[in-house]
Amino acid sequence: MASRKSSRGAGGSPSPGSKRESKHGGGKNGKKEGLSGSSFFTWFMVIALLGVWTSVAVVWFELVDYEEVLGKLGIYDADGDGDFDVEDAKVLLGLKERSVPAQPPSPDSEETIQPAEKSYVESEHKNADIELEEEIQSVLHEALHSQPGEKHEDVDESINDHWQAKEEIHGETFEAPTADDLLRELENEMPEAYETPDSVQKDADFLADDLGAVESEPYEAPVSYEYDMDVEKTVTDPEAPDDRVHGDYNEDHEPKHEKQAETEDADEIIEDFDTDKDLSVESKHTEDVVATEPEESEMPAQAEDYSNDDLVGKSEKETEQDKTEKAKKKKKPKLLNKFDKTIKAELDAAEKLRKKGKVEEALRAFEALVNQYPQSPRARYGKAQSEDDLAEKMRSNEMLQKAINTYDEVVSLPNVPSDLIKLSLKREADRQQFLGRMRGSLVTLQKLVQLFPGDTSFKNDLGVGYLLIGDNSNAKRVYEEVLSLAPNDGFAKVHYGFILKAENKIAESIPYLKEGLESGDPGTDDGRFYFHLGDALQRMGDKEAYRWYELGYQRGHFASVWQRSLYNVKGLKAQPWWTARETGYTELVKSLEKNWKLIRDEGLAVMDKKRSLFLPEDENLREKGDWSQFTLWQQGRKNENACKSVPKTCALLERFPEATGCRRGQIKYSIMHPGTHVWPHTGPTNCRLRMHLGLVIPKEGCRIRCAQENRTWEEGKVLIFDDSFEHEVWQDAGSYRLIFIVDVWHPELSAQQRRTLPAI
């Protein structure tokens, strides 16, 4: 390097040239001679060699970091061609539109990035983003000073390119959607109102009502009915024991104001309604299932997995194929008589308003048609439907009664198509049940059966009607008639099996319940039938019971194999046994344990009376023995007469609304005599916890099992368990056992939920 500088300073001749000449035997004077006499080609070669050696020297001595230079220039590669050139400068100066960004990395290169390296890659991109902005601002400051808007635009574009690259690194291209894109997707996903079938629309509306009912007061509807297969006796029998194995049948499970509208839509009414048994029963079952969910929504649905289901005779695929084949064979209903066909355009215009949800306008349109054409069955049916829809919208029983009357008027008109008669009477019966008018509904169903004696679906509905008023004998007769006409009718089988079990004909009920469930017929996939089949098998000592409980759990009817209550609010903590601290009701527990002798003494005084106020358990929960209860509160209502016998105990409890206000529970004394065994059973809901205060406890022989854990009572101590889990009791002591039962709201229920959940 020193020789190069000295030669350049002495004469300006490049040192490599001098060295080269000395090697060939030339001297200093020879260089000047070469200038004058050498050919152009010789000098071209000299210059070329000089360039080569200069390049070698630069690389050899690492005078320039090419990677750093190329890396910095690469940041300004705006047109995606892999280098920095004049076109890139034009883009950065705002003189040219940015071209399409570079293609994303190949999948192979993406896959090579290991999870541990992702955070490093992301941090590198963040640094690049910062450097990018700083470099652009420093390099282009003067050029863009007069165009501040363009500066921000270009920087934003460059940053967006880097975000896109970062998103692509993770294996898939996640392009952040714009607000317009999101809105467009939402619009595509939401069909217009008039394109939505009414059955789907009504289901959606009522589901919204169910989920939001805790924010609004229910409209005038009865609390529950006598025919309640899954819950305790209603408020009309306040002293009935609570621990039952869902021995009654209530088609609707929950109070009527929570019930879904029947799946009838305008498309079905005009074109696609199916009068055969399958859809008729299916529509009822759809309603029933929704009705099982109270306002806060009931049990958490589990993911269905039937891949290993060896209990159901028919596979799901076969059942679906059968339904599809049946649907193809069915004919469209005829809902227009000859006269209605002449005014079809006017009827369709009014119906279109109803389908769009313009209920008031639709009602006015149909009323005008009825006034103009009083003999038109279709116009009057449209009026009934509009009143029905308006009743739901207004939550008005008065309007619903108008709809019921109008449905009845349709049938009385001349020349009514049979399909329209079926629709009108079926809907009328359903709405009557909705209002709790079970006997009126029964009359309507009887009329249907008389008009269409060959339709077993109406007989099935009539059987349910009898069950709803507690007339099991007539229901049994109806289902025997159905099974004589259609021996493989699954709907009739599960209901007939249920009736046999209610008659304590346990062994006889099992094949009907099992075959009915295995049929896969509409209306059979119901948690009640899984419950009763499992219970019957348990009582026969058959361990197959838990296979059916498992299947019921898989199909979303039970929260778990052990927790088989049917009225459940989703998301509540679920465990068999609780501590006072876990419940948060420590003051109540302390008060009960502190005053246990007072509670005991008042209870013993009631037992000593000549006319015992303790009523025997009559819910078929006992395998054997003697078990009676004395109820003070039920469904959040105080039994004033009962409290007169134990005034101090009732006064003590008044301080604790979590117990006295629990409308899904009871407060009561329970006495169990030696030799008693209570079958495994579950309570009806997960919305409560149950406290047992020991009052008179024999030293040995009494125990309770909840789920898979056994415990015993102690005098003056409180046990707390969730009775929605399976539990069982044995009393093998030599004397009676007396406890005090206090139900409390589940601690995770909100105040709003406690006010609005229907009573059980």
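Residues numbered from 1 in each chain as written. Predicted model: local features only at pLDDT ≥ 70, side-chain atom pairs only at ≥ 80, totals over all residues. Heavy atoms only, no water.

## Comments concerning the pairing of strand β9 (residues 702-706)
Phase 1: β9 sits mainly inside the fold: 4 of its 5 residues count as buried.
Phase 2: Sheet topology places β9 next to strand β12 (residues 727-731); 5 bridges connect them, and they run antiparallel. Residue cysteine 702 lies in a different strand from β12, and its bridge partner there is glutamine 731.
Phase 3: One ladder, built from 3 bridges, connects β9 with strand β10 (residues 709-711); its direction is antiparallel. Bridge pairing links cysteine 706 to glutamate 709 in β10.
Phase 4: In this structure, the hairpin formed by β9 and β10 is closed by a connection of 2 residues, where alanine 707 is found at a positive phi of approximately 60 degrees. (Buried < 20%, exposed > 50% of the residue type's maximum accessible area, 1.4 Å probe, protein only. Helix = DSSP H or I, 4+ residues; strand = E, 2+ residues; numbered from the N terminus. Pairing = 2+ DSSP bridges.)

## Considering the state of the cysteines
Phase 1: All chains considered together, the criterion is met by 1 disulfide.
Phase 2: In this model cysteine 643 forms its disulfide with cysteine 650; the gap between the sulfur atoms is 2.2 Å. Linking cysteine 643 and cysteine 650, the disulfide has an S-S dihedral of approximately -80 degrees and is accordingly described as left-handed. Neither cysteine 643 nor cysteine 650 differs from the other in exposure class; each is buried.
Phase 3: Unpaired in terms of disulfides, cysteine 687 finds its nearest cysteine sulfur in cysteine 662, a separation of 8.5 Å. (Disulfide = S-S within 2.5 Å.)

## Some words on the confidence of the model for the protein chain
Phase 1: Counting all residues, the mean pLDDT for the protein chain is 74, and 59% of those residues have values of 70 or more.
Phase 2: The low-confidence segment residues 135-246, where pLDDT is below 50, has 248 contacts with residues more than four positions distant or belonging to other chains. (pLDDT = per-residue confidence, 0-100. Contact = heavy atoms within 4.5 Å.)

## Focus on the pattern of salt bridges
Phase 1: One pass over the structure, following the stated rule, counts 35 salt bridges.
Phase 2: A salt bridge links arginine 600 to aspartate 601; the nearest nitrogen and oxygen atoms lie 3.2 Å apart.
Phase 3: When the shortest N-O distance is used, the salt bridge between aspartate 743 and arginine 690 registers 2.7 Å. Here the residue aspartate 743 occupies a position in strand β13 (residues 737-745), and arginine 690 occupies one in strand β8 (residues 688-696), the gap between them amounting to 53 residues.
Phase 4: Take aspartate 743: its relative accessible area is 0%, and that puts it in the buried class. (Salt bridge = Lys/Arg side-chain N within 4 Å of Asp/Glu carboxyl O.)

## Re the environment of methionine 672
Phase 1: Within the secondary structure, methionine 672 is located in strand β6 (residues 666-672).
Phase 2: A C-alpha to C-alpha distance of 9.8 Å links methionine 672 and valine 729, two positions 57 residues apart in sequence.
Phase 3: In this view, methionine 672 contacts Asp626, Trp627, Val678, Val729, Gln731, Tyr736 and Arg737; residues no more than four positions away in its chain are not counted.

## Quick look at the sheet that holds β10
Phase 1: Pairing is antiparallel across the open sheet formed by 5 strands, whose spatial order is β3-β7-β12-β9-β10. Both outer strands of the open sheet, β3 (622-624) and β10, are each paired with one neighbouring strand and no more. Geometrically, the sheet is characterised by an average inter-axis angle of 20 degrees between neighbouring strands, direction not taken into account.
Phase 2: The pairing of β3 with strand β7 (residues 676-681) spans 2 bridges and is classified as antiparallel. (Axes fitted to C-alpha atoms, helices over the stretch in contact; angles between N-to-C directions.)

## Considerations on the side chain of serine 424
Phase 1: For serine 424, the location among the structural elements is in helix α21 (residues 418-434).
Phase 2: Residue class for serine 424 comes out buried when judged on its relative accessible area of 0%.

## So, the nonpolar core
Generally speaking, soluble globular proteins have nonpolar side chains that are buried together.
Phase 1: Membership of the largest hydrophobic core comes to 55 residues, with the highest contact counts inside it found for Leu462, Tyr466, Tyr479, Leu517, Leu533 and Trp548.
Phase 2: Those residues in contact with leucine 462 that sit more than four places away from it in its chain are Leu442, Leu445, Gln446, Val449 and Val478.
Phase 3: Ile671, Val718, Leu738 and Leu749 belong to the second largest nonpolar core, which has 41 residues in total. (Core = buried A, V, L, I, M, F, W, Y, C linked by side-chain atoms within 4.5 Å.)

## Some words on the packing of aromatic side chains
How two aromatic rings sit relative to each other is set out by the distance from centre to centre and by the angle between their planes.
Phase 1: Enumeration over the complete set of coordinates arrives at 13 aromatic pairs.
Phase 2: Measuring from centroid to centroid gives 6.1 Å for phenylalanine 630 and tyrosine 669, while their planes differ by 20 degrees, and the two rings are stacked. With phenylalanine 630 in strand β4 (residues 627-634) and tyrosine 669 in strand β6, this residue pair connects regions lying 39 residues apart in the sequence. The burial state of phenylalanine 630 is the same as that of tyrosine 669; both residues are buried.
Phase 3: Grouping aromatic residues by their ring pairs yields a cluster made of Tyr546, Tyr549, Phe558 and Trp562.
Phase 4: Between lysine 573 and the ring centre of tryptophan 578, over which it is positioned, the NZ or CZ distance is 5.1 Å.
Phase 5: Over the face of the ring belonging to tryptophan 730 we find arginine 703, whose NZ or CZ atom lies 4.0 Å from the ring centre. (Phe/Tyr/Trp six-rings, centres within 6.5 Å; stacked < 30°, edge-to-face > 60°. Lys NZ or Arg CZ within 6 Å of the ring centre and 35° of its normal.)

## Here we look at the environment of aspartate 535
Phase 1: Looking at where aspartate 535 falls in the secondary structure, it is placed in helix α27 (residues 527-539).
Phase 2: Using a relative accessible area of 2% as the deciding quantity, one classes aspartate 535 as buried.
Phase 3: For the pair aspartate 535 and isoleucine 510, spaced 25 residues apart in sequence, the C-alpha separation works out to 9.6 Å.

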